[in-house]
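Topology and contacts: notes
One letter stands for each residue in the lines below.
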Amino acid sequence: MELNIPQKPCMVQTAQGFSVSYQNRFLYSKYAPSRAIEGAIDSLTILPGTLILSLSPALWLGLDKLIEKLPQDCFVLGIETDKNLHEFAEEKLAELKKSGKVGEKVALLPFSENEYIVNILSGERLVKDLSLPHISTFRRALPIEMSAGTQFSKEKYFAIASLSQNTIASFWKNRITLTKLGRLYSRNLFKNLANLPVALDFKNLAHKTSKPIFVFGAGESIEETVSNIPKQLLEKCFVIAVDAASASLKAMKIKIDAIVAVEGQLAIEKAYIGGTAKSSLLIADITSRKAVTRHTRNAVTYFASKYTDSQFFKNLSQKEFFPPLVPPLGSVGLTAVYIALLLRANVNVPVFMSGLDFSFSLGRTHAKNAPAHISRLSTTNKFNPAENYAAAFRTGARQIFGKNNIPVFTDTALEGYAKSFTDTFSCIPNLYDAGKQGIPLGIQQIDSEKLKAYLETVDEKIIGSSPIMTVKSSSPIIAEGMQGYLSQCHCRAQTRQSIKEYLESEEKALNRIKELLMFGNDVASCSCSFEEELASLIAPREYLFLHFPDGYKCKTSDLSFLKRVRGQIDFFLKDIKMGIKN
């Protein structure tokens, strides 16, 4: 005789408590429902700062034992991807909270918010009646299958769990980056703001290129790609190079139309030795090193990598003069591809790429004449060979089989960039990988013969012509951008004034913070207390403390924090005053 089990979740009495029947199966044992989950919880080692993901909680069996075991700074978040089971779990949790058996450290993610778990954890999306602690509270996420309900859609549950784990891990990786480079990024930003009125507006260049676009990274594969494609065919393309590849391409006598500059540190200056950028459009990140702009005789245009989610950056990005935002992709190669996709006129314009290998061969790390290669040659002696074998045997490096089954070496960081590339660009149409070696990137590969055959069919008269030829330029797209630049003198004057007003307001605010920190209540405003005014001035200016190890919190009640903020003010005042002067 078959059991007539209802389609809605239903509680079923067993010898040792209640189980749940749903979709012709029991979600707990028919004999001892709580035994399995309680045993699983007993075997867990839960560390402080853990976000517990309770997958398909149903009756929330074992929750009491879990709460007893929770160390400091932990939170239990229920995840349910089945609507019927979600309503059931929500009802049971409400009963538990009403009886006082669970406190504020337990919540159920609303069913409609499952797909926004990343935004919710990062604080970008607020959910009514869900008081989730700040992501900095957690160091890790730990998924626990609370019932057999996960079997109905195992992929969904563990996709949410994986996203949660990656979001928390990314937060702390970004914190490490900001601790090391956050102040440099912010200072470069203020320095580059003064350049915006004399730079091309990136919006005048976006979606204007009808030529095929070729993006070159600094990996070894560009040597074979360039050797197999005649230069006259490459000249039919709009060539974009990452700054580290510009010297290599110049040595191969390849004309570079645009160079993408992202790096903010002094070390990148080596990439511009020999005038590699003189005749190219420089597409620079607003946080990149300002000094690199002096290496080009051509135009400069800016974009802005969203290196922080802080309030100050959000406020600044809403200003009319601020350049368009680009997601923080972590690698100049990924950013160059993203820029190329923004420049092409439509999705039918093909974008080819080479040199984004995210790997290297034994004894080499970059293409010939790249800064790393030149630096190696300049330090070569009988004790230090030109071949860099140490890179293949450093901690974290390992050998894999890459494209075309060619063995290459990579490491954790490079593999991470390759995965980011795949996640970001694998679904983009008409994006092709022309490199012969390196890690597979999840996009269509194209060999040299097919690429040559395609470029031979491209009509150079159509793609090379431009109705705007009044400005001398190496490329029609740059000429068009320059024409827009020359025709917008009034707008540039407005931009200059807007930037000056913004910098002056920041200077005034920083001087006021400095005054309050030096003289305290003696100079406090009559309209609010000293503490309130100080908090209102410091909180929206995260660039002052973004690079602190604890820079994700604005702790104006902490004397140590205020002393560290005071130590940063003079650095930024200097940069802001220079920007106003310029």
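These remarks concern the structure in this document. (Residues numbered from 1 in each chain as written. Predicted model: local features only at pLDDT ≥ 70, side-chain atom pairs only at ≥ 80, totals over all residues. Heavy atoms only, no water.)

Quick look at the pattern of salt bridges
- By the definition in use, this model includes 21 salt bridges.
- Of the charged contacts, one joins R566 and D570 as a salt bridge, the two residues approaching to 3.3 Å between their closest N and O atoms. Placement of the pair is R566 and D570 together in helix α18 (residues 559-581), with a separation of 4 residues, close to one helical turn.
- Under the relative-accessibility criterion, R566 is labelled partly exposed at 23%. (Salt bridge = Lys/Arg side-chain N within 4 Å of Asp/Glu carboxyl O. Helix = DSSP H or I, 4+ residues; strand = E, 2+ residues; numbered from the N terminus. Buried < 20%, exposed > 50% of the residue type's maximum accessible area, 1.4 Å probe, protein only.)

Looking at the environment of S221
- Mapped onto the secondary structure, S221 falls in helix α6 (residues 221-228).
- You can call S221 buried: its relative accessible area is 3%.
- Here the alpha-carbon distance between S221 and L451, two residues 230 residues apart in the chain, equals 15 Å.
- Contact partners of S221, with chain neighbours within four places excluded, come to S354, G355, D357, G435, K436 and Q437.
- For S221, the side chain forms a polar contact with the main-chain nitrogen of G355, separated by 2.9 Å. (Contact = heavy atoms within 4.5 Å. Polar contact = N/O pair within 3.5 Å; in protein donor to acceptor, adjacent residues only side chain to side chain.)

Some thoughts on the packing of aromatic side chains
- Counting across every chain of the model gives 24 aromatic pairs.
- Relative to F572, the ring of F190 has its centre 6.1 Å away and its plane inclined at 75°; by these criteria the two rings are edge-to-face. Here F190 is found in helix α5 (residues 154-193), whereas its partner F572 is found in helix α18, with 382 residues between them in sequence. Each member of the pair F190 and F572 is classed as buried.
- Each residue in the set Y185, F190, Y307, F312, F313, F322, Y543 and F572 is aromatic and connected to the rest through ring pairs, giving one cluster.
- Stacked on the ring of F571, the Lys or Arg R183 has its end atom at 4.3 Å from the ring centre. (Phe/Tyr/Trp six-rings, centres within 6.5 Å; stacked < 30°, edge-to-face > 60°. Lys NZ or Arg CZ within 6 Å of the ring centre and 35° of its normal.)

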